[in-house]
Amino acid sequence: MATNSYQRFEPLLKQQRQHRYKHLLQVATVVVIVIISCLLVGLFDWERLAEGVPSGINLVSQMLPPDFSLAINWIKPLFDTLAMSVAGTAIAVAFSLPLSLLAAGNTTPHPLVFQVARLILNGLRAIPELIMGIILVAAVGFGALPGALAVGFHSIGMVGKFFAEYIEHVNSAPIEAAQAAGANKIQVIYHSILPQVLPQILDVTLYRWEYNFRASTIMGAVGAGGIGFELIGSLRILRYTEVSAILLVILMMVILVDSFSGYLRRRLA
């Protein structure tokens, strides 16, 4: 009797063992890739890392105490950075929503449209903000405009990807009910799909705004204005006390933006 039970469950046990071995192999592969990557970038070069400690301590000592004597001049660049993040996020949401509907398998009108929309999202996501900033500064000139466009265009790729995935995972029951009632494609999207993904869309939008503010601070490195331009200027002339002061101002603004974003998330949830 026991032998018969063992024979009955042996295929299942064998399948579980194979699944466990496969999982261990996958984990081992990831660990090997991580270790090789760390070796390639010199993360295990302890001698070099140890030599960098005194230089780091010396640099920090040169940044103290922070010099806020020119803080009045940072107010407008700071608001320019904030405006860039808001405008860039607005651009991202405005273009991501229609693109995500085309890039979602359950709302796209045609497989070819699906592939084109996915290609656009992948392409925009693949180009870093700084590269876009360089291109757009060359196209439209210096200032906050190329910074907002660079942050916005890069965000379209990431935000659109999230939106499309949320749309693909909606509950099909409301969609089938709307179709049974005779609703057309647009009505199904508006009444059955968007209400389901709206909380996720709001959450991703607020999160992306937080990220875009951080990204906007480095747009000054390519001439796109904002507080990043002041930071790069102080770095170039080696005024490290001003650098530390600007970094503290940026940190304060990041905390404020994160807190306000959390407040909006609680209010809109």
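Heads up: these notes are all about the structure in this document. Just so it is clear, the structure is predicted and the values come from calculations on it, not from any experiment.

Reading guide: rules and limits
Residues numbered from 1 in each chain as written. Predicted model: local features only at pLDDT ≥ 70, side-chain atom pairs only at ≥ 80, totals over all residues. Heavy atoms only, no water. Helix = DSSP H or I, 4+ residues; strand = E, 2+ residues; numbered from the N terminus. Rg over C-alpha atoms; globule rule 2.2 N^0.38 Å. Buried < 20%, exposed > 50% of the residue type's maximum accessible area, 1.4 Å probe, protein only. Contact = heavy atoms within 4.5 Å. Areas by Shrake-Rupley, 256 points an atom, 1.4 Å probe, with all protein chains shown as cover. Phe/Tyr/Trp six-rings, centres within 6.5 Å; stacked < 30°, edge-to-face > 60°. Lys NZ or Arg CZ within 6 Å of the ring centre and 35° of its normal. Core = buried A, V, L, I, M, F, W, Y, C linked by side-chain atoms within 4.5 Å. Axes fitted to C-alpha atoms, helices over the stretch in contact; angles between N-to-C directions. Parallel < 35°, antiparallel > 145°, perpendicular 65-115°, else oblique. Nonpolar A, V, L, I, M, F, W, Y, C, P; charged D, E, K, R; others polar. Expected span 1.5 Å × (residues − 1). Bend = angle between axes of the 7 residues up to and from the residue. Left-handed = near helix turned anticlockwise from the far one by under 90°. Arc of directions from axis to C-beta.

### Notes on the overall build of the protein chain
Right, so step 1: Assigned secondary structure in the protein chain consists of ten helices and zero strands.
Right, so step 2: Along the chain direction, N to C, the helices and strands of the protein chain fall in the order α-α-α-α-α-α-α-α-α-α.
Right, so step 3: Its C-alpha radius of gyration of 26 Å places the protein chain more than 25% over the 18 Å reference for a compact globule of 269 residues.
Right, so step 4: Across its three principal directions, the C-alpha atoms of the protein chain cover 85 × 60 × 35 Å.
Right, so step 5: Each of the 269 residues in the protein chain was classed as buried or not, and the buried ones make up 33%.
Right, so step 6: Counted over contacts in the protein chain with a minimum sequence separation of 6, partners at least 24 positions apart contribute 75%.
Right, so step 7: Approximately 16400 Å² of the protein chain is accessible, and the part contributed by carbon and sulfur atoms is 70%.

### Some points on the packing of aromatic side chains
Right, so step 1: Taken as a whole and judged by the stated rule, the model has three aromatic pairs.
Right, so step 2: Consider the rings of F44 and W46, whose centres lie 6.2 Å apart with planes at 40°: the pair is tilted.
Right, so step 3: Ring centres of F162 and Y166 lie 6.5 Å apart, and the angle between their planes is 20°; this geometry places the pair in the stacked category. Placement of both F162 and Y166 in helix 6 (residues 144-168) is noted, with a separation of four residues, approximately one turn of the helix.
Right, so step 4: Owing to a relative accessible area of 29%, Y166 belongs among the partly exposed residues under this scheme.
Right, so step 5: Its guanidinium or amino end placed over the ring of Y21, R20 lies 5.8 Å from that ring's centre, counting from NZ or CZ.

### Here we look at the nonpolar core
Right, so step 1: If you look at the biggest cluster of nonpolar residues, it comprises 35 residues, and the most contacted ones within it are I156, I167, I193 and M219.
Right, so step 2: Counting residues per element, the ones that place at least two in this core are helix 3 (75-103), helix 4 (111-126), helix 5 (129-140), helix 6, helix 7 (172-180) and helix 8 (185-217).
Right, so step 3: Sorting elements by how many residues they give to this core places helix 6 first, with nine residues.
Right, so step 4: In terms of nonpolar packing, the next biggest core, distinct from the first, is built from 16 residues, W209, F213, A245 and I246 among them.

### Some remarks on the packing of helix 3 against helix 9 (residues 227-236)
Right, so step 1: At a minimum axis separation of 7 Å, helix 3 and helix 9 run at an interaxial angle of 130°. Looking at the two axes, helix 3 sits oblique to helix 9. Here P77, L78 and T81 of helix 3 come into contact with helix 9, specifically with I227, G228 and E230.
Right, so step 2: Across the contact of helix 3 with helix 9, the residue classes tally to three nonpolar, two polar and one charged.

### A closer look at helix 3
Right, so step 1: Its 29 residues place the ends of helix 3 41 Å apart at the C-alpha level, agreeing with the 42 Å of an ideal helix rising 1.5 Å per residue.
Right, so step 2: Maximal helix bending in helix 3 amounts to about 30°, located at S96; proline P98 follows within four positions.

### Re the packing of helix 3 against helix 4
Right, so step 1: Relative orientation of the contacting elements helix 3 and helix 4 amounts to 135°, with a least axis distance of 7 Å. As far as their axial angle goes, helix 4 and helix 3 are oblique. When the axes of helix 3 and helix 4 are compared, the crossing they make is left-handed. Contact with helix 3, carried on its side by L99, L102 and A103, involves V113, F114, A117, R118, I120 and L121 of helix 4 and no other residues of that element.
Right, so step 2: Here the residues of the contact of helix 3 with helix 4 sort into eight nonpolar, no polar and one charged.

### A word on the environment of I135
Right, so step 1: Mapped onto the elements of the fold, I135 is located in helix 5.
Right, so step 2: Separated by eleven residues in sequence, I135 and P146 place their C-alpha atoms 8.5 Å apart.

### Examining helix 9
Right, so step 1: Regarding helix 9, the residues found buried are I227, G228, L231 and S234. An end-on view of helix 9 places all buried positions within 125° of arc, on one side of the element.
Right, so step 2: Where helix 9 is buried, its residues contact helix 3, helix 8 and helix 10 (240-268).
Right, so step 3: Following helix 9 by one or two positions, L238 adopts a phi angle in the positive range, close to 60°.

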